[in-house]
Amino acid sequence: MDNTHDEQKIHQERRFQDYLGEFVYGGIDGLVTTFAVVAGSAGAELSISVVLILGFANLIADGFSMSIGAYLASRSESQNYNKHKRIEYEEIETIPDREKEEIREIYREKGFEGELLEQIVEVITADKDRWVDVMMKEELEMIPDSRSPFAIGTVTFISFVVVGIIPLFAYVFRDTLGLDVSQLFWASCVFTSFGFIGIGALKAYVTQSSWWRAIIETLLLGGAAAVVAYYVGDILEKMLT
């Protein structure tokens with residue numbers, strides 16, 4: 001029972017890690033996009049109600065759009081892999097000698113030769129499924145993705161919304177936090193900075209890179225987007241009024 005429980009726990013952790021990358025990148029996009037909307041609205045000196053309307057409309061619409069894009073991209077990759085796999089099966093049936101020679105060339109380039117090379121070729125080509133798998137990996141450099149396209153799209157949407165809502169916290173909870181209008185944007189900057197730090201650290205975990213570098217990169221990305229959006233909003237507000 002203990003072994004079964006441990007195996008289930010390990011499996012769940014692996015499944016979580018499989019989709020963690022989508023959560024991180026969906027969260028970064030959500031945070032950057034929403035913060036840009038808040039910054040642009042602040043630059044244009046829009047009312048709180050308008051900021052909230054634009055923020056939430058952008059959050060849901062862009063989150064849905066991004067999740068659909070992630071779903072379609074994953075599904076297309078899966079379909080492309082299956083298409084090439086069918087082609088390999090057909091070629092093994094119709095031109096087996098040429099396909100066998102391709103296996104021979106692949107392993108000759110790896111340093112195998114003579115009788116050992118021929119033994120490798122015979123073992124691989126004795127089973128069609130194994131043969132095709134080798135061709136997919138070694139010749140086409142294609143590896144199947146076991147993740148569900150629907151799950152990828154769902155995780156992307158959830159992360160976009162959950163993380164992307166952070167820049168709006170100051171506006172949503174302004175009465176609870178006791179903030180006046182002049183403090184809202186700067187409070188949003190503080191909340192968003194913490195969001196960038198958290199998602200940057202998570203990105204470092206996913207990519208196995210330096211945590212401080214990932215955090216700084218994420219902060220700079222969000223800051224740059226906010227600065228541009230703020231001044232665009234400020235310029236447009238002056239031009240249109």
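Residues numbered from 1 in each chain as written. Predicted model: local features only at pLDDT ≥ 70, side-chain atom pairs only at ≥ 80, totals over all residues. Heavy atoms only, no water.

Trainee: How would you explain the packing of helix H4 (residues 114-125) against helix H5 (residues 128-139) if you had to name every residue and give the values?
Mentor: In the contact formed by H4 and H5, the axes pass within 6 Å of each other and the chain directions differ by 115 degrees. Comparing the axis directions of H4 and H5 gives the class roughly perpendicular. On H5, the residues touching Val-123, Ile-124 and Thr-125 of H4 are Arg-130, Trp-131 and Val-134. A per-class count over the contact of H4 with H5 returns 4 nonpolar, 1 polar and 1 charged. (Axes fitted to C-alpha atoms, helices over the stretch in contact; angles between N-to-C directions. Helix = DSSP H or I, 4+ residues; strand = E, 2+ residues; numbered from the N terminus. Parallel < 35°, antiparallel > 145°, perpendicular 65-115°, else oblique. Contact = heavy atoms within 4.5 Å. Nonpolar A, V, L, I, M, F, W, Y, C, P; charged D, E, K, R; others polar.)

Trainee: Can you break down helix H3 (residues 96-109) residue by residue, with the values?
Mentor: Over its 14 residues, H3 runs 20 Å from end to end, which matches the ideal 20 Å to within 8%, given 1.5 Å per residue. Where H3 is concerned, the buried positions are Glu-99, Ile-103, Arg-104, Ile-106 and Tyr-107. The buried residues of H3 occupy an angular sector of 160 degrees when projected down its axis, which confines them to one face. Residues of H3 that are exposed and point more than 90 degrees away from the buried face comprise Asp-97 and Glu-109. Buried-residue contacts for H3 involve helix H2 (48-94), H4 and H5. Positive backbone phi, approximately 105 degrees, marks Gly-111, located one or two places after H3. (Expected span 1.5 Å × (residues − 1). Buried < 20%, exposed > 50% of the residue type's maximum accessible area, 1.4 Å probe, protein only. Arc of directions from axis to C-beta.)

Trainee: Which residues make up the packing of aromatic side chains, and what values go with them?
Mentor: All told, the structure shown has 5 aromatic pairs when counted by the stated rule. Between the aromatic rings of Phe-35 and Phe-185, the centroid separation amounts to 6.4 Å while the plane-to-plane angle is 15 degrees, which identifies the pairing as stacked. Taken as a pair, Phe-35 in helix H1 (residues 2-43) and Phe-185 in helix H9 (residues 181-207) lie far apart in primary sequence, 150 residues in all. The class for Phe-35 is buried, based on a relative accessible area of 6%. Taking the relative accessible area as the measure of exposure, Phe-185 reaches 14% and is therefore buried. Measuring from centroid to centroid gives 5.9 Å for Phe-169 and Phe-173, while their planes differ by 65 degrees, and the two rings are edge-to-face. Overall, the relative accessible area of 29% leaves Phe-169 in the partly exposed class. Phe-173 gets classed as partly exposed once you look at its relative accessible area, which sits at 40%. Members of the aromatic cluster, joined through ring pairs, are Phe-35, Phe-185 and Trp-186. The ring of Tyr-107 carries Lys-110 above its face, with NZ or CZ at 6.0 Å from the centroid. (Phe/Tyr/Trp six-rings, centres within 6.5 Å; stacked < 30°, edge-to-face > 60°. Lys NZ or Arg CZ within 6 Å of the ring centre and 35° of its normal.)

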